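# Notes for the structure review
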Amino acid sequence: MENAARTLRGRWIKKYILRFVITCVAVGALLWIGKVVLFAIHPYWQASDRFYGLLSFVDDHVYEFGITVIMLILLVSTGIELGEIAKVIGQITNAVKVIYEGNDGPIKLSEGFHEIEMGLRQIQLDTKANAQAAKEANQRKNDMIMYMAHDLKTPLTSVIGYLSLVDEEKDLPEQMREKYVGIAIKKALRLEELINGFFDIARFNFTHMVLEKVTVNMSMMLSQIVTEFDPIFKEKGLKCHLDVQSDVMVTCDTEKMERVYDNLFKNIANYSYPESEIQITLKKNGNQGMKLVTMNKGKNIPKEMLEHIFDQFFRIDSSRNSESGGSGLGLAVTKEIIQLHGGTISCESENEEIVFKIIIPNERIRI
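These notes cover the structure that comes with them. By convention here, each chain's residues receive numbers from 1 onward along its written sequence. Where totals are concerned, whole chains, interfaces and linings use all residues; where local detail is concerned, this predicted model gives features only for residues with pLDDT of at least 70, and gives and counts side-chain atom pairs only at 80 or more. Water and hydrogen atoms play no part in the side-chain values, which are based on all heavy atoms of the structure.

### With respect to the overall build of the protein
In terms of helices and strands, the protein carries 9 helices and 7 strands. Any residue under 20% of the maximum accessible area for its type is buried, any over 50% is exposed, and the rest in between are partly exposed; the area is computed with a 1.4 Å probe on protein chains only. Per-residue burial for the protein yields a buried fraction of 33% across its 367 residues. A contact between two residues is defined here by any heavy atoms of the two lying within 4.5 Å. In the protein, once contacts between residues fewer than 6 apart in sequence are set aside, the share between residues at least 24 apart is 72%. Each accessible area value is a Shrake-Rupley result obtained with a 1.4 Å probe; residue values ignore everything except the protein chains displayed when judging cover. Of the accessible surface of the protein, which amounts to about 23100 Å², a share of 59% is contributed by carbon and sulfur atoms. In this description a helix means any DSSP run of H or I spanning at least four residues, a strand means any run of E spanning at least two, and both kinds are numbered starting from the N terminus.

Quick look at the structure:
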């Protein structure tokens, strides 16, 4: 749009200057011809001639007359140009109104304004796409809040129920008491996880993450985090095979990268087949970059879902499994962190294999 406006402004200036030059040349030529004619007939003028006074006046003021004609022509020309500009401004105003109101009405400008017309049409398409994306994200958020409100009630009811039973049944066998307390603790932890999901929603929508980067040995960091996830993997019978190249140095925000791994590995654990294998590979990508690839066995993700897997509030399990479902922000936050590092994250799914790829380049990122 800016280039189109600059081009149009240059075209207007050239057109105006050209018109000025042509006007001056044309009027100058006419004046010269008139002066020659007047000079030729001057010896034959008589005071008694009918047009002697007029011819004398023109002869005495020929240059003033020429300048006046030029100014009048330019004034009329300027008025025509301003009228055309006002017309286009009105068309652009109507186009902006159409875009603002989200209408699909056609945008048409006068001939010669094709670049601006195409720019406005592109803005119209982008605005419509952004509005639709925002509407879908808001709907997903509302659905997720409704789902989480329902899911919050389930563990809370269990916690209250089991603790009330332990409190009321004084003669409850110790083995049963420990069992009920254990269930209550498990449900309370799930409740805490869901509440943290609400905080994630607030943080994701009202704050912008800023990186505090340092250079770290990602090989050691990843190995440590995978070790911490070992109990979670074993709970589902998952075997994790780790292939890590030594001394993979990465310039990153370590706290944010820990969150990337936490979100990613939780997702892998939730959507892997029980008793299956997970493969995690880390290789160098330049002097201070990395390429991480994870592969786990799980139900194929439909292509239409793969397109939205990194969207806010998107969840693969539409059944709202309260034991595994989260806020629908994990992968969205993960993608934002990776992009802040100048990297990319992608997901592929076929033949009951889910593959995540994360690449962080070795160049430092501007934030």
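Structure shown, so let's carry the discussion forward.
### A closer look at the pattern of salt bridges
Any two side chains of opposite charge can pair, so long as their charged atoms come close to each other. In what follows, salt bridge is the name for a side-chain nitrogen of Lys or Arg lying within 4 Å of a carboxyl oxygen of Asp or Glu. Evaluated as defined, the whole model comprises 6 salt bridges. Of the charged contacts, one joins Lys283 and Asp243 as a salt bridge, the two residues approaching to 3.6 Å between their closest N and O atoms. One end of the pair, Lys283, is in strand 4 (residues 277–284); the other, Asp243, is in strand 2 (residues 239–244), with 40 residues separating them in the sequence.

### Thoughts on the pairing of strand 7 (residues 353–360)
Two strands pair if DSSP finds at least two bridges between them. Inspection of the sheet shows strand 5 (residues 290–297) paired to strand 7 by 8 bridges, in the antiparallel sense. Of the residues in strand 7, the one forming a bridge with Met290 is Ile360. Two strands pair when backbone bridges link them, and strand 6 (residues 344–350) and strand 7 are joined in this way by 7 bridges, in the antiparallel orientation. What sits directly across from Glu350, in strand 7, is Glu353.

### Section: the nonpolar core
Proteins that are soluble and globular tend to have nonpolar side chains buried together. Of all hydrophobic cores here, the largest spans 38 residues; its most connected members are Met218, Met257, Tyr261, Phe265, Met290, Leu292 and Ile358. Counting residues per element, the ones that place at least two in this core are helix 6 (218–235), strand 3 (249–252), helix 7 (254–270), strand 4, strand 5, helix 9 (330–340), strand 6 and strand 7. Aside from chain neighbours lying at most four places away, what touches Met257 is Met218, Met221, Cys252, Met290, Ile338, His341 and Ile360. Ranked by size, the runner-up nonpolar core spans 8 residues in total, among them Val88, Ala95, Phe113 and Ile116. Side-chain atoms within 4.5 Å link the members of a nonpolar core, which is a set of buried Ala, Val, Leu, Ile, Met, Phe, Trp, Tyr and Cys residues.

### Observations regarding the packing of helix 6 against helix 7
Running from N to C, helix 6 and helix 7 point in directions that differ by 35 degrees, and their axes come no closer than 11 Å. Relative to helix 7, the crossing made by helix 6 is right-handed. Between helix 6 and helix 7, the residues in contact are Met218, Met221, Leu222, Ile225, Val226, Phe229, Ile232 and Phe233 and Thr254, Met257, Glu258, Tyr261, Asp262, Phe265, Lys266 and Ala269, respectively. Fitting a line to C-alpha atoms yields each axis, with helices limited to the stretch in contact; the angle taken between N-to-C directions then spans 0 to 180 degrees. The sense of a crossing depends on the near helix, which, turned anticlockwise from the far helix by less than a right angle, makes the crossing left-handed and, turned clockwise, makes it right-handed.

### A short note on a nonpolar patch on the surface
Patches were defined on residues exceeding 30% relative accessible area and lacking a salt bridge, with like-charge contacts within 9 Å and nonpolar side-chain contacts (Val, Leu, Ile, Met, Phe, Trp, Tyr) within 5 Å. On the surface, a cluster of nonpolar side chains totalling about 450 Å² of accessible area is made up of Ile13, Ile17, Phe20, Val21 and Val25. Within the secondary structure layout, Ile13 lies in helix 1 (residues 2–41). Note on Ile13: relative accessible area 48%, which makes it partly exposed.

### A few points about the sheet that holds strand 4
Read from one edge to the other, the open sheet built from 5 strands follows the order 2-4-5-7-6, with strand pairing classed as mixed. Among the strands making up the open sheet, the edge pair consists of strand 2 and strand 6. Going from strand to strand, the sheet's axes swing by 10 degrees on average, the running direction of each strand aside. When strand 2 meets strand 4, the two strands line up parallel, connected through 6 bridges. Looking at strand 4, one finds that Val244 is bridged to Leu282.

### A short note on the packing of aromatic side chains
Stacked, edge-to-face and tilted are the three classes for Phe, Tyr and Trp ring pairs, Trp counted by its six-membered ring, which pair at centre distances within 6.5 Å; planes under 30 degrees apart are stacked, over 60 edge-to-face, the rest tilted. Applying the stated criterion across every chain, the model contains 6 aromatic pairs. Between Phe229 and Phe233, the aromatic rings sit 5.9 Å apart at their centres with planes inclined by 35 degrees, giving tilted as the arrangement. Note that Phe229 and Phe233 are positioned in helix 6 at a spacing of 4 residues, about one turn of the helix. Taking the relative accessible area as the measure of exposure, Phe233 reaches 1% and is therefore buried. Aromatic ring contacts, followed pair by pair, group Phe229, Phe233, Tyr261 and Phe265 into a single cluster.

### Overview of the packing of helix 7 against helix 9
Two numbers describe how helix 7 lies on helix 9: the axes approach to 9 Å, and their chain directions differ by 145 degrees. Relative to helix 9, helix 7 is oriented so that their crossing is left-handed. Contacts between helix 7 and helix 9 involve Lys256, Met257, Arg259, Val260, Asn263 and Asn267 from the former and Gly330, Leu331, Val333, Thr334, Ile337 and Ile338 from the latter. Each residue is assigned to one of three groups, with Ala, Val, Leu, Ile, Met, Phe, Trp, Tyr, Cys and Pro labelled nonpolar, Asp, Glu, Lys and Arg labelled charged, and all others, Gly among them, labelled polar. Of the residues assigned to the contact of helix 7 with helix 9, the class counts are 6 nonpolar, 4 polar and 2 charged.

### Thoughts on helix 9
Those residues of helix 9 lying buried are Leu331, Ala332, Val333, Thr334, Ile337, Ile338 and Leu340. Directly after helix 9, the chain includes Gly342, whose backbone phi takes a positive value near 80 degrees.

### So, the side chain of Ser349
Residue placement: Ser349 occurs in strand 6. Looking at Ser349, its side chain comes within polar contact range of the main-chain nitrogen of Ile301, at 2.8 Å. Apart from the residues within four sequence positions on either side, Ser349 is in contact with Lys299, Asn300, Ile301, Leu306 and Ile354. Whenever two N or O atoms come within 3.5 Å, that pair is a polar contact, provided that in protein one can donate a hydrogen and the other can accept it, and provided that, for residues adjacent in sequence, both atoms are side-chain atoms.

None of this, on its own, says anything about what the molecule does.
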